[in-house]
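Chain and residue survey
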Amino acid sequence: MKTQLVLSALLLVVSACGKDDDDKTVASNASDCDSALTFDANIKSIVTSGGSGNCASCHSGYSTLSGIQSDKSKIYSEVASGSMPKGNSSFKSSTDGKNLLAWLSCSTLK
């Protein structure tokens, strides 16, 4: 019984280590892209300390365009699911949240 439990747990862990499908999440929402939004003019104030998204308070790399570009799919998924920003599940429905998601949906961030 103990062996079966250990094997089941091991199988679960190994199956969770598959290919990351985050890029598919963003790609499937490319039609939501708002290419008029830019990091400097619209997004930086949302993600930096004091903004409603306030990502940079916990994720220091997210205060720059290059930092966000490197984790674009992860950020999109976390915000779209409502798990980020932590403790603010309604953020995704706010104007700032919608703008952030629309910007992250674009194939090229500017």
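Note that the structure is predicted; figures quoted are calculated from it, not measured.

What follows concerns the environment of P85. When you line up the elements, P85 lands in the loop between α5 (72–81) and α6 (95–104). Taking the C-alpha atoms as reference points, P85 and V47, separated by 38 residues in sequence, lie 9.6 Å from one another. With near-sequence residues (within four places) excluded, P85 lies in contact with S52, G53 and F91.

Okay, the packing of aromatic side chains next. With the rule as written, the count across this model stands at 1 aromatic pair. The interplanar angle of 35° and the centroid separation of 6.0 Å between the aromatic rings of F39 and W103 together place this pair among those described as tilted. Taken as a pair, F39 in helix α3 (residues 39–47) and W103 in helix α6 lie far apart in primary sequence, 64 residues in all. The class for F39 is buried, based on a relative accessible area of 4%. Given the relative accessible area of 1%, W103 is considered buried.

Turning to the environment of S83, a few remarks are in order. One can find S83 in the loop between α5 and α6. Take S83: its relative accessible area is 34%, and that puts it in the partly exposed class. A distance of 2.7 Å separates a polar atom in the side chain of S83 from a polar atom in the side chain of E78. Looking at S83, its side chain comes within polar contact range of the side chain of S81, at 3.0 Å.

What counts, and at which threshold
- Residues numbered from 1 in each chain as written.
- Predicted model: local features only at pLDDT ≥ 70, side-chain atom pairs only at ≥ 80, totals over all residues.
- Heavy atoms only, no water.
- Helix = DSSP H or I, 4+ residues; strand = E, 2+ residues; numbered from the N terminus.
- Contact = heavy atoms within 4.5 Å.
- Phe/Tyr/Trp six-rings, centres within 6.5 Å; stacked < 30°, edge-to-face > 60°.
- Buried < 20%, exposed > 50% of the residue type's maximum accessible area, 1.4 Å probe, protein only.
- Polar contact = N/O pair within 3.5 Å; in protein donor to acceptor, adjacent residues only side chain to side chain.

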